[in-house]
Amino acid sequence: MASGLRQRVVTALLLAGLVVAVLLWMPPVAAVAVVFVVMLAGAWEWAGFAGLTSAPQRLGYLLAVACAIVAAWRATAEPAGLVRFLQVAAVWWIVGLLWLVIASQRGGRVAAACVGFAVLVPAAIGFGRLALLEPRGQLLLLFLLVLVAAADVGAYFGGRSLGRHKLAPRVSPGKTWEGFAAGMLGAAVAAVAGAALFERPVLPWLGVCVLVALVSVVGDLVESMFKRRAGLKDSGALLPGHGGVLDRIDSLSAAAPTFLLGLLMLGAAA
């Protein structure tokens, strides 16, 4: 148990250091490149949810997702195209929420393969375009990571100490409504700090950030839904003590496009 926790902490610290180095000390294009690599690693893992377990099958799925990301990147070069794309992504996450509530036990391998595109492509655009947003896109991306982490940490400790009522027992038995509420409180605290950092009006900024935290929970649960249906505990084994890439970015995959859309609705990053 102790060695597993030590491994988990070491991996988390290394990842945090890498993220901070890329976002604070490297040009935005480097952040975009890292985002694309991470999304393609996620595509490799998501292929397993769709029953594509051999290396050629996974590679084929990865290349298909890569082509979709490139096409979406070109389609979102102009602000109007980007907003439309993000609005479609927002509609998908509403569909994802309804899926969780109404039909969490339905959907086969074809559905899993299609959902992978709906999750990974908007996430790549959300992260990448956010990193390039002037004048403080990389700092905003770092704040997004902190915001979702605050929600996750609040949910974890709130659930452990107060959790009684299951949030989604068929999808993620460990999550509780009490943990969810604590997570939203953690996100709200991070949001208020972010409003001060970026000199934003508190209420609109708080509204966007809490919405992002809410959607991040849906992202987490959607990934858990397909992972559980595939009979997997973790999406992969790339990150010692943490599982796979998708296990680390499940919440963020929904949060990134939502946060970017919210920023654009508030007037970008000025």
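Visitor: What is the right way to look at the overall build of the protein chain in this model?
Guide: The helix and strand tally for the protein chain stands at nine helices and two strands. Over its C-alpha atoms the protein chain spans a radius of gyration of 18 Å, differing by no more than 12% from the 18 Å that the globule rule assigns to 270 residues. When its C-alpha atoms are laid out on the principal axes, the protein chain stretches across 45 × 45 × 40 Å. When burial is assessed residue by residue, the protein chain has 47% of its 270 residues classed as buried. Summed over its atoms, the accessible surface of the protein chain is roughly 13100 Å², and 72% of this surface lies on carbon and sulfur atoms. Here the protein chain contributes 20 positively and 11 negatively charged side chains, and the mean placements of these two sets differ by 7 Å.

Visitor: Can you walk me through the pairing of strand 2 (residues 172-176) in this structure?
Guide: Walk down a regular strand and you will see the side chains alternate between the two sheet faces. Bridge analysis of strand 1 (residues 166-168) against strand 2 gives two bridges, and the strand direction is antiparallel. Along strand 2, the bridge assignment pairs A168 with S172. Two successive antiparallel strands, strand 1 and strand 2, enclose a turn made up of three residues.

Visitor: How should unusual backbone geometry be read in this particular structure?
Guide: Of note, the bond from E134 into P135 is cis; its omega dihedral lies within 30 degrees of zero at 0°. Take P135: it is sitting in the loop between helix 5 (109-132) and helix 6 (137-162). Here the phi dihedral of E199 falls at roughly 55°; this positive angle occurs in a residue that is not glycine. Within the fold, E199 resides in the loop between helix 7 (177-197) and helix 8 (202-229). In this structure E199 comes out as exposed when scored by relative accessible area, which is 72%.

Visitor: What's the story with helix 8 in this structure? I'm lost.
Guide: Because the α-helix completes a turn every 3.6 residues, residues three or four places apart line up on one side. With 28 residues, helix 8 ought to run about 40 Å at 1.5 Å a step, and its terminal C-alpha atoms sit 41 Å apart, in line with that. Count one or two residues on from helix 8 and you reach G231, which has phi positive near 75°.

Visitor: I would appreciate a short explanation of the pattern of salt bridges in the present structure.
Guide: Think of it this way: side chains of opposite charge can pair up when their charged atoms draw near. Going through the model one piece at a time under the given rule, you end up with three salt bridges. K175 is the partner of D220 in a salt bridge, and the nearest nitrogen-oxygen pair spans 3.2 Å. On the criterion of sequence distance, the pair formed by D220 in helix 8 and K175 in strand 2 is long-range, its members being 45 residues apart. Owing to a relative accessible area of 23%, K175 belongs among the partly exposed residues under this scheme. Two residues, E223 and K227, come together in a salt bridge whose shortest N-O distance is 3.6 Å. With a gap of four residues between them, E223 and K227 both fall in helix 8, about one helical turn apart. For K227, a relative accessible area of 11% corresponds to the buried category.

Reading the values: rules and limits
- Residues numbered from 1 in each chain as written.
- Predicted model: local features only at pLDDT ≥ 70, side-chain atom pairs only at ≥ 80, totals over all residues.
- Heavy atoms only, no water.
- Helix = DSSP H or I, 4+ residues; strand = E, 2+ residues; numbered from the N terminus.
- Rg over C-alpha atoms; globule rule 2.2 N^0.38 Å.
- Buried < 20%, exposed > 50% of the residue type's maximum accessible area, 1.4 Å probe, protein only.
- Areas by Shrake-Rupley, 256 points an atom, 1.4 Å probe, with all protein chains shown as cover.
- Lys, Arg positive; Asp, Glu negative; His and termini not counted.
- Charge placed at Lys NZ, Arg CZ, Asp CG, Glu CD.
- Pairing = 2+ DSSP bridges.
- Expected span 1.5 Å × (residues − 1).
- Salt bridge = Lys/Arg side-chain N within 4 Å of Asp/Glu carboxyl O.

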